[in-house]
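Here are the chains, one letter per residue:
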Amino acid sequence: MHAAQFAEHINILQQRTLDAIQREGIDGLIIHSGQSKHQFLDDNHYPFKVNPQFKAWLPVVDNPNSWLVVDGVNRPKLIFYRPLDFWHWVPAEPTDFWAEHFDIVYLKQANAVEKHLPYDKSKYAYVGEYIEVAKALGFDLVNPDRVLHYLHYHRAFKSDYELECMRQANAIAANAHTAAKAAFFARRSEFDINQAYLLAAQQGDNDVPYNNIVALNEHNSILHYMRLDNIAPDFHRSFLIDAGASYHGYAADITRTYAFENGEFSEIIAHIDALTIKCAGALKPGLNYLDVHKLAYHGVAEILRDTEILNMNAEDAVETGIVSTFFPHGTGHFLGLQVHDVAGHVADDRGTPFPPPPEHPFLRCTRTIEARQVFTIEPGLYFIESLLADLKGSELSKYVNWNVVDRLRPFGGIRIEDNVIVHKDRNENMTRELGI
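Just so it is clear, the model here is predicted, and its values are computed rather than measured.

### A word on unusual backbone geometry
Okay, step 1: You will see that Asn-65, though not glycine, has its phi angle at about 65 degrees, which is positive.
Okay, step 2: Inspection of the secondary structure assignment puts Asn-65 in the loop between helix H2 (52-55) and strand E2 (67-70).
Okay, step 3: The phi dihedral of Asn-143 falls on the positive side, at around 45 degrees, and the residue is not glycine.
Okay, step 4: Following the sequence through the fold, Asn-143 ends up in the loop between strand E6 (141-142) and helix H4 (145-154).

### With respect to the side chain of Asp-349
Okay, step 1: If you trace the backbone, Asp-349 turns up in the loop between helix H10 (323-326) and strand E10 (374-377).
Okay, step 2: Among the residues examined, Asp-349 registers a relative accessible area of 17% and is labelled buried.
Okay, step 3: Excluding residues that lie within four positions of it along the chain, Asp-349 makes contacts with Arg-23, His-149, Tyr-150, Tyr-153 and His-154.

### Examining the environment of Arg-256
Okay, step 1: Mapped onto the elements, Arg-256 comes out in strand E9 (residues 250-259).
Okay, step 2: Given the relative accessible area of 5%, Arg-256 is considered buried.
Okay, step 3: In sequence terms Arg-256 and Asp-418 are 162 residues apart; their C-alpha atoms lie 8.9 Å from each other.
Okay, step 4: Leave out the neighbours within four places in its chain, and Arg-256 touches His-177, Phe-239, Leu-240, Ile-241, Arg-415, Ile-416, Glu-417, Asp-418, Thr-431, Arg-432 and Ile-436.
Okay, step 5: In this structure the side chain of Arg-256 is engaged in a polar contact, spanning 2.9 Å, whose partner is the backbone oxygen of Glu-417.
Okay, step 6: There is a polar contact of 2.9 Å between the side chain of Arg-256 and the side chain of Asp-418.

### Some remarks on the nonpolar core
Okay, step 1: Within the largest apolar cluster, 47 residues are counted, with the highest numbers of intra-cluster contacts made by Leu-283, Ile-309, Phe-326 and Leu-381.
Okay, step 2: Discounting residues that sit within four places of it in the chain, Leu-381 has contacts with Ile-268, Ile-272, Val-300, Ile-303, Leu-304, Ile-309, Phe-326, Gly-413 and Ile-414.
Okay, step 3: Formed by 42 residues, the second largest nonpolar core is a distinct cluster that contains Leu-18, Val-127, Leu-151 and Val-374.

### Here we look at the pattern of salt bridges
Okay, step 1: Summed over the entire model, instances satisfying the criterion amount to 23 salt bridges.
Okay, step 2: In this structure, Arg-188 and Asp-192 form a salt bridge, with 3.5 Å as the shortest nitrogen-oxygen distance.
Okay, step 3: Linked through salt bridges whose partners overlap, the residues forming this network are Arg-256, Asp-273, Asp-418 and Arg-432.

### Notes on the sheet that holds strand E14 (residues 427-429)
Okay, step 1: Ordered in space as E10-E13-E14, the three strands form an open sheet in which the pairing is antiparallel. On the outer flanks of this sheet lie E10 and E14, each paired with one strand and no other. Mean inter-strand twist for the sheet, computed between neighbouring axes without regard to direction, equals 30 degrees.
Okay, step 2: The pairing of strand E13 (residues 418-422) with E14 spans three bridges and is antiparallel. Looking at E14, one finds that Val-420 is bridged to Asn-429.
Okay, step 3: With respect to the sheet, helix H5 (residues 160-185) is in contact with E10, E13 and E14, its orientation differing from that of E13 by roughly 160 degrees.
Okay, step 4: Each of E10, E13 and E14 is contacted by helix H7 (residues 264-282), which is oriented at about 145 degrees to E14, the strand it contacts most.

### Describing the layout of surface pockets
One water molecule sets the probe size; rolling that probe over the atoms shows where empty space is left.
Okay, step 1: The calculated volume of the second largest pocket comes to roughly 400 Å³.
Okay, step 2: Considering the residues around the second largest pocket, the lining is formed by 21 residues, among which Leu-223, His-224, His-340, Arg-364 and Glu-378 are closest to the centre.
Okay, step 3: Its residues assigned to classes, the lining of the second largest pocket shows eight nonpolar, seven polar and six charged.

Procedures and definitions
Residues numbered from 1 in each chain as written. Predicted model: local features only at pLDDT ≥ 70, side-chain atom pairs only at ≥ 80, totals over all residues. Heavy atoms only, no water. Helix = DSSP H or I, 4+ residues; strand = E, 2+ residues; numbered from the N terminus. Buried < 20%, exposed > 50% of the residue type's maximum accessible area, 1.4 Å probe, protein only. Contact = heavy atoms within 4.5 Å. Polar contact = N/O pair within 3.5 Å; in protein donor to acceptor, adjacent residues only side chain to side chain. Core = buried A, V, L, I, M, F, W, Y, C linked by side-chain atoms within 4.5 Å. Salt bridge = Lys/Arg side-chain N within 4 Å of Asp/Glu carboxyl O. Pairing = 2+ DSSP bridges. Axes fitted to C-alpha atoms, helices over the stretch in contact; angles between N-to-C directions. 1 Å grid on protein atoms, 1.4 Å probe; cavity = no way out; pocket = protein on both sides within 12 Å on 5 of 7 lines; lining within 4 Å. Points joined across faces, edges and corners; volume = space filled by probe spheres on them. Nonpolar A, V, L, I, M, F, W, Y, C, P; charged D, E, K, R; others polar.

Scope: geometric values only; no functional claims are made or implied.
Structural data, given as structure tokens:
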């Protein structure tokens, strides 16, 4: 499965690279996997995170001090770091399905890489984070805009290999979500629920693509809640989990919300769940992603009206912007090598800015939807104390049934998130097809 798809993937990257370097008028790219970083005033290292431009070429995410030399024509050269080191893990010589597509040389000392790089670096660009390393090696051209804009823009279009990696990531995450759900209904703490998730995923905190959001009760209203209480609350009312998984460097990003008991809050969860499915189905080539967000925004307005949180019609709720108190973020984003994948706010492969409109400032994608793109769809409805306080002090306060809001505050909020591949003639909701 991987071998044929990966060969095609390499061919696609070769063509993109050739187009990008011809635009810049250079001979090739030198892509650095990255380096380990010491913690400040310490001899321990931060967890290593690989350069996304490096892992776009091969599923090596855990080997710093490695390099790629690519020119779009010749077989890519991989300078693979294998030190003599009895303190740390040293990777084996590559034999996986991808290895045959690279000319591989081995690097024993990180600071001895120059002998493996092109002698004349004036026609090559360094792509990576470590500017001081690039300068020390003699690179004048570092992360050129015309190259990166082109590569980032076209990274939105996934190869068959990439799509399969993302399906696998979703499968891992879906299994782990099921374990986390069971831990919630067993009345476990946030810490224990997260441990159940990681155990089922067989991935550690540094392996999953982002810090899991595992929130109980009022914590559901904190959009990026990263704390994990290790003591279970007295009452389990609600549970929001936003957690993913990695496969060959590609990410899944799934969110589910649960109520411990049936009632008013569980009914709102059902409404948001239906809205997620509706918006996922609305993705289609030629439509702007902003239109999908507007569909979600109007859908939340209808839910606020139907559940009597607001006593105004949906059209007026949208027009006044009152919906943003309860749904302050965007409907979703590109997904791929990065959780919030790149180039969501550009109009073309030259990086022409296409920012979100002022009324929806946190929308992460304004691109035209096309086949082979992968999106998250994640509408939400929250009871966020600071935003509710601002609303209560405004002229729009009279349209809020505060008694209903006060009943729902202890539940925190709701978000439901699916991962969707857009095809020419259909959408593939990877998450729903896994049964969660």
